[in-house]
Amino acid sequence: MGKAVIASFEEKAVKILQASLKGNTLRIDKTETVSAEDFDAYLGREKAKEFIVVYNFKEAFHDILTIPSVKTGYIEKIAESEIRKATGLKDFSFIYTLLNERTAEGKKVMDVFYFAVKSEEVRNAVNRFYENGKIVKALYPQPLSVSSLLNEKLYNVDAAWKAVIGVAGSETEKSAFLIRNGKVYFIRGFKSISTEISDIDIQDINMTINYCFQNIRIHPSLVLLAGNLSSSYDIKAQASAPLACLKKAASIHCTEEVFNDFIIPISAFYATNSLNILSREFKNVYMLKNYMVNASMAFIALSALCLGIIGYNLKGISDIEMKIKSAIRDEVEVSPVFSEYTQKRNELEPFMPAINFLNKPRPAIQGLLARLAEIETGSSRITSIDAKTEEGHFIITLKGAFSADNFTSSQKAFQTVAASLEKIENITSKLVIGGGNPDS
């Protein structure tokens, strides 16, 4: 449950408890008792927005129903219909507990305990909270809330606790309730003459025990006195079952006095949601409130994310704006230079063919001529050299003559020149024999 504020309406006073529950460990933070007349003023100054309320309904209807054995999802609808028939109520709120399943006259049936109150009483119990801007998280009937303390998680119960009568209450009103295996089977309220347990109270307790034995076929083995009833008592009447006092569990961190004085609001920390008799309309208000809180938190988180994205985009836009401004400044500075460049280019346009021709790359011929001077010519002599460029290469034509007595000598002279030419790097040679001069 965590931290919570409990308001317990007990006769003319409201006992308020602020505490936190973690696991089974309850730590009391603050206790306060406010008169019924001053409770609205308390709500006006209290900062807490949510409350859990324990209320002692003046007119309540409770009994055990026997219904056909059905699936869990249908029990509530059938129980509501049977309660309507049994009580004659039209507008009411109720809670129920499935006690057991058995066979009767060859058919499976279920025993269901219910606790019902008029919707008007529920509204009377919680309206003052809503009128002061507060929300009621849960509303527990007083005897059912106290019964939540008698569970195995708080006390190491033995077989004697399997069926017990719990007794709690205030100075003028007390209630006895039959619990078996942690489930309430019967509740009986009765008037009292003192805060402590009295002989008259013992008589009412004995009547409750007899009723449980005769009508429910359960005989309690123990009577547990809760709260201030267990502080001290001096009785002469004999109870039908042994009396015992409900002591503070070790996991509840407070004094014994605080435990006894505030036992009813303390019990609300251990009540399950199945004991919440708050009508559907008020449950919807609480659900809507939680939905709005969660939606608001989600909206805030989403807004923060969107603001972050917007901030990031604004930074990007700012950077782009700075770049645009810089480009505009650069354009202003470059514009006169570009205009002058365009003017000069137009003036040079008529001379561009000649300039391009002069700038056209030419392969260097000096190195080639130096290498040609080194070739072996033998009996041959070079008479002319013609050179021209084509696609970045030289085409060299060498013309000459040689002296030879026969064809073999001529062939040898050609081969000598050809071999010398092929020694020059990046050169391809082609020899052509021609001319009618006997000396060629």
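Up top is the structure these notes are about.
Just so it is clear, the model here is predicted, and its values are computed rather than measured.

S.K.: Any chance you could explain the packing of aromatic side chains here in plain terms?
M.R.: Remark: the centre distance and the inter-plane angle together describe each pair of aromatic rings, the angle taken between the planes. Scanning the model with the defined rule gives 11 aromatic pairs in all. Geometrically, the ring pair formed by Phe9 and Phe39 is edge-to-face, given 5.4 Å between the ring centres and 70 degrees between the ring planes. Residue Phe9 is located in strand 1 (residues 2-10), and its partner Phe39 is located in helix 1 (residues 39-45); the two are separated by 30 residues in the primary sequence. For the pair Phe9 and Phe39, a shared accessibility class is recorded, and that class is buried. Summarising the aromatic geometry, the rings of Phe39 and Tyr42 are spaced 5.7 Å apart at their centres and angled 25 degrees between planes, so their arrangement reads as stacked. With Phe39 and Tyr42 both in helix 1 and three residues apart, this pair spans about one turn of that helix. A relative accessible area of 0% places Phe39 in the buried class. Taken together, the aromatic side chains of Phe9, Phe39, Tyr42, Phe51, Tyr55, Phe57 and Phe129 make up a single cluster linked through ring pairs. In this structure, Lys15 packs its charged tip against the face of Phe262, placed 5.6 Å from the ring centre.

S.K.: Help me understand the side chain of Asp201 in this model?
M.R.: Structurally, Asp201 can be placed in helix 5 (residues 199-216). A polar contact is formed between the side chain of Asp201 and the backbone nitrogen of Ser198, at a distance of 3.0 Å. Other than its neighbours up to four places away in sequence, Asp201 contacts Lys174, Phe190, Lys191, Ser192 and Glu196.

S.K.: Even after reading the chapter, I still don't get the pairing of strand 1, so can you show me in this structure?
M.R.: Remember that side chains alternate between the two faces of the sheet whenever the strand is regular. For strand 1, the buried fraction is high: seven of the nine residues fall into the buried class. Taking the residues that link successive antiparallel strands as the turn, the strand 1-strand 2 (residues 13-22) hairpin has two residues, and the phi of Glu11 there is positive, at about 55 degrees. In the sheet, strand 1 pairs with strand 4 (residues 50-55) via three bridges, with the strands oriented parallel. Within strand 4, the residue paired with Ile6 across the bridge is Ile52.

Definitions and limits used
- Residues numbered from 1 in each chain as written.
- Predicted model: local features only at pLDDT ≥ 70, side-chain atom pairs only at ≥ 80, totals over all residues.
- Heavy atoms only, no water.
- Phe/Tyr/Trp six-rings, centres within 6.5 Å; stacked < 30°, edge-to-face > 60°.
- Helix = DSSP H or I, 4+ residues; strand = E, 2+ residues; numbered from the N terminus.
- Buried < 20%, exposed > 50% of the residue type's maximum accessible area, 1.4 Å probe, protein only.
- Lys NZ or Arg CZ within 6 Å of the ring centre and 35° of its normal.
- Polar contact = N/O pair within 3.5 Å; in protein donor to acceptor, adjacent residues only side chain to side chain.
- Contact = heavy atoms within 4.5 Å.
- Pairing = 2+ DSSP bridges.

Note that every value here comes from positions in space, so none of it alone points to a role or purpose.
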